[in-house]
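# Descriptive structure summary
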Amino acid sequence: MPVARIVSTCFLVEGIADDRDVKAAMQPLFDIFASNGLGQATFEIVPGEPTRLWVKHKDSVEPSRELIDRALARAGDYRVIDE
C-alpha cells in the first residue's frame, strides 16, 4: 500500500503582524482543515515582508487559496495576497 507523502504549501498573507493576530487567525483555519484534507499550519512573520502561512497536507491534496482566504477573513482583516 503506497504511503501518502506530506508536503507544504506557502501562502503570502497580509495583516498578520504579531502573536495576537496568529492566535486569532488559527481557529478559523483549524475549523476548515480536517474537512478539506489539510494538516498543520504555521505563520512565519518577517518584519518588512509579507507573512508566510505554511500549510502541511498530503501530496494528493491541493489547498484552495480561496478557502484559506475566506477562513482568514472570518478572523479579522487578514487576506491571502499574490507575490
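Read on for an overview of the structure. Predicted, not measured: the structure shown is a model, and the values here were computed from it.

## Thoughts on the sheet that holds strand E1 (residues 6–14)
Paired through their backbone hydrogen bonds, the strands of a sheet run either parallel or antiparallel. Pairing in this open sheet of four strands is antiparallel, and the strands run E2-E3-E1-E4 from one edge to the other. One side of each edge strand has no neighbouring strand; the edge strands of this open sheet are strand E2 (38–44) and strand E4 (79–81). Each strand of the sheet is rotated relative to its neighbour by a mean of 40°, with strand direction disregarded. With three bridges connecting them, E1 and E4 associate as antiparallel partners. Bridging from a neighbouring strand, leucine 12 pairs with isoleucine 81 of E4. Against the sheet, helix H1 (residues 19–33) contacts E2 and strand E3 (51–58), and its axis sits at roughly 165° relative to E2. Sheet contacts for helix H2 (residues 65–75): E1, E2, E3 and E4; angle to E4, the most-contacted strand, approximately 140°.

Conventions and cut-offs
- Residues numbered from 1 in each chain as written.
- Predicted model: local features only at pLDDT ≥ 70, side-chain atom pairs only at ≥ 80, totals over all residues.
- Heavy atoms only, no water.
- Pairing = 2+ DSSP bridges.
- Helix = DSSP H or I, 4+ residues; strand = E, 2+ residues; numbered from the N terminus.
- Axes fitted to C-alpha atoms, helices over the stretch in contact; angles between N-to-C directions.
- Contact = heavy atoms within 4.5 Å.

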